[in-house]
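One letter stands for each residue in the lines below.
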Amino acid sequence: MRVLLLALFCALAAGCARAAETMEFVYPPPESATDRRHTYYWELLDAALRSNRRQYGDYVLKPYRSAMSFARAEAELEQGDGRVNIVARATNRDLESRLRPIPLPLDKGLLGYRLLLIKADKQAALDKLRSLDELKQFSIGQSPSWTDAGILAGNGFKLELSPNYEGLFQMLGAGRFALFSRGINEIAAEWQTHKDAVPGLAIERHLMLHYPLPRYFFVPRTAAGERMAARIEDGLRRLVASGEFERRYRAYKKLVLADVSLSGRRVFELSNPQLSPLAPPLDDHTWWDSLASELGRPHRSKQVDSRAKPD
């Protein structure tokens, strides 16, 4: 009996010690001094971790001390004991096989609504196109590590690839490609940041691409990563239940769309075979936004599900 009680006491003590450990979340810093693409996601993570501090204990959330590319950050997570242990990425099946996803869309699919950065002298030619096939005659710049590159290539677009985020803006300016596809939550800030360095940089006025593209948090596929994932998912669901997730999303959406005109655009719907069954159903408006009012079209209660079907 004494041995049993001692074992129980040790188990409880070990559990309390684990609960009291400060969990550390280290994410990749921005890729340049003007890169603000991920600020919202790290602020959302901080809110999620605060929401369950009583249950999971204290935490540290901080950027790594030096910049790294998307590909480098993913490699750090995959090895399990790298310099960063969490990223916020547009998901794809390969990424989900290598890293542990928390499959809750962080920006309700905003990233999958795509506008085009162009040189202003291309607008007249784009005004004349009438079909998706005509649009595919224009080359698009992307990074090979971005999920969008696979989606666009799979839908028949011609791509010019570079792993250098800042370099892509210079390539557009030099005429290396005609279109630079950007999320509607990215494009206004990017245009403002780069318009002086890229003369004639403009946001195309009439077109939009769309495919379902959730951004998730990813952590390593390790025991520590599983504990991180459990805490993050619990925290995000607490934010949803309290209404804070929706409040934060609406404030973010209002901010990023303030200088972007969406109404009346022609929307080309593309398939995304990289969307796995882990994603919430596309008619679940807790996690997806149809942008019906912003696009000036009737609300679609059910979108076409373009994820690949199981074999």
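Residues numbered from 1 in each chain as written. Predicted model: local features only at pLDDT ≥ 70, side-chain atom pairs only at ≥ 80, totals over all residues. Heavy atoms only, no water.

Undergrad: Give me the lowdown on the nonpolar core, citing residues and values where you can.
TA: Nonpolar side chains tend to gather and get buried jointly when the protein is soluble and globular. Counting 68 residues, the largest nonpolar core has Ile86, Ile184, Phe217, Ile232, Leu236 and Leu262 as its most contacted members. With 8 residues, the single largest contributor to this core is helix α2 (residues 39-51). Leave out the neighbours within four places in its chain, and Leu236 touches Leu44, Ala48, Ile102, Leu104, Leu106 and Phe217. Counting 21 residues, the second-largest nonpolar core is a separate cluster that includes Ile118, Ile151, Ala202 and Leu209. (Core = buried A, V, L, I, M, F, W, Y, C linked by side-chain atoms within 4.5 Å. Buried < 20%, exposed > 50% of the residue type's maximum accessible area, 1.4 Å probe, protein only. Helix = DSSP H or I, 4+ residues; strand = E, 2+ residues; numbered from the N terminus. Contact = heavy atoms within 4.5 Å.)

Undergrad: Quick rundown of the sheet that holds strand β3 (residues 87-90)? Include the residues and the values.
TA: The 3 strands lie next to each other as β3-β11-β4, forming an open sheet whose pairing is antiparallel. A single partner strand is all that each edge strand has here, and the edge strands are β3 and β4 (100-102). Strand-to-strand twist in this sheet, taken as the mean axis angle between neighbours without regard to direction, amounts to 45°. Pairing of β4 with strand β11 (residues 215-219), which is carried by 3 bridges, proceeds in the antiparallel orientation. By the bridge assignment for β11, Pro101 is matched with Phe218. (Pairing = 2+ DSSP bridges. Axes fitted to C-alpha atoms, helices over the stretch in contact; angles between N-to-C directions.)

Undergrad: I'd like a rundown of the packing of α2 against helix α11 (residues 223-242), residues and numbers included.
TA: Interaxial distance between α2 and α11 falls to 8 Å at its minimum, and their mutual angle equals 95°. With respect to α11, the element α2 is oriented roughly perpendicular. Contacts between α2 and α11 pair Leu44, Leu45, Ala47, Ala48, Leu49 and Ser51 from the former with Arg231, Ile232, Gly235, Leu236, Arg238 and Leu239 from the latter. Taken together, the residues that form the contact of α2 with α11 break down as 8 nonpolar, 2 polar and 2 charged. (Parallel < 35°, antiparallel > 145°, perpendicular 65-115°, else oblique. Nonpolar A, V, L, I, M, F, W, Y, C, P; charged D, E, K, R; others polar.)

Undergrad: Can you explain the pattern of salt bridges? Please cite residues and give values.
TA: Where charged atoms from two side chains of opposite charge come close, those side chains can pair. As enumerated under the stated definition, the model contains 24 salt bridges in all. The salt bridge partner of Glu74 is Arg89, with a shortest N-O separation of 3.6 Å. Of the two residues, Glu74 is situated in helix α4 (residues 70-79) and Arg89 in strand β3; the sequence distance between them amounts to 15 residues. There is no split in this pair, since Glu74 and Arg89 are both buried. Glu233 is the partner of Arg237 in a salt bridge, and the nearest nitrogen-oxygen pair spans 3.1 Å. Remark: Glu233 and Arg237 occur in helix α11; sequence separation between them is 4 residues, near one turn of the helix. Since its relative accessible area comes to 26%, Glu233 is described here as partly exposed. (Salt bridge = Lys/Arg side-chain N within 4 Å of Asp/Glu carboxyl O.)

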